[in-house]
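Next come the chains, spelled out residue by residue.
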Amino acid sequence: MNIVISDTTALIILAKSDKLDLLSNLFQQIFIPKAVENELNFKDDIVKYRVEKFDKISVKNINDTKTLNRIKKLNIDDGEVEAISLAIELGLKLIIDERKGRIVAINQGLEVVGVLGILVENYKSNHISFEEAHYFFNLFKKNGLRVSKKLEEIILEKLEELK
């Protein structure tokens, strides 16, 4: 079974864009820790509604308090702390977009992917067309995805290569 852990930001961007289905193209189950659920519950109604309706997401408790306490010391937000801790505990890939959180996760030996990696994988797997990939990329930026000019060029080049 293809299972992944997710932090908050990717879910917010995908929910705002009404594109949570891009996750189900790649993953059978998405686990989120309690802190991520709490963060999602404080977002606008459409995000909360779409995430609640998306049946692939479920809350998973963290049992490894030692890892949790170690990650808490690394000065990242609660959602990231718990998502990274859960990914370590379960040995699963982590969906995370925040730069600081990604660095912490990678330094912990985790495999990470962000919204743009999910977009590229959907295109690579023929779940979406080249035109849809471009449209969704712009939609994600409009809905809060922060992308440097350099990363934007890299992603657009990657999509062109796969064409």
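Above this text is the structure in question.
All values derive from a computational prediction rather than experimental measurement. (Residues numbered from 1 in each chain as written. Predicted model: local features only at pLDDT ≥ 70, side-chain atom pairs only at ≥ 80, totals over all residues. Heavy atoms only, no water.)

This paragraph deals with the pattern of salt bridges. Enumeration according to the criterion identifies six salt bridges in this entry. Its salt-bridge partner being Arg 50, residue Asp 18 comes within 3.5 Å of it at the nearest N-O pair. One end of the pair, Asp 18, is in the loop between helix 1 (8–16) and helix 2 (21–24); the other, Arg 50, is in helix 4 (residues 45–53), and 32 residues separate them in sequence. On the basis of relative accessibility, which here comes to 47%, the residue Asp 18 falls in the partly exposed class. Close ionic contact of Lys 34 with Glu 37 constitutes a salt bridge, the shortest N to O distance being 2.6 Å. Taken together, the positions of Lys 34 and Glu 37, both in helix 3 (residues 34–41) and three residues apart, correspond to about one turn of that helix. Looking at Glu 37, the relative accessible area reads 21%, which means it is partly exposed. (Salt bridge = Lys/Arg side-chain N within 4 Å of Asp/Glu carboxyl O. Helix = DSSP H or I, 4+ residues; strand = E, 2+ residues; numbered from the N terminus. Buried < 20%, exposed > 50% of the residue type's maximum accessible area, 1.4 Å probe, protein only.)

Two elements in contact, helix 1 and helix 4, have axes separated by 9 Å at closest approach and are oriented at 100°. What the angle tells us is that helix 1 and helix 4 run roughly perpendicular. Contacts from Ile 12, Ala 15 and Lys 16 of helix 1 reach helix 4 at Val 47, Arg 50 and Val 51. Tallied by class, residues from the contact of helix 1 with helix 4 come to four nonpolar, no polar and two charged. (Axes fitted to C-alpha atoms, helices over the stretch in contact; angles between N-to-C directions. Parallel < 35°, antiparallel > 145°, perpendicular 65-115°, else oblique. Contact = heavy atoms within 4.5 Å. Nonpolar A, V, L, I, M, F, W, Y, C, P; charged D, E, K, R; others polar.)

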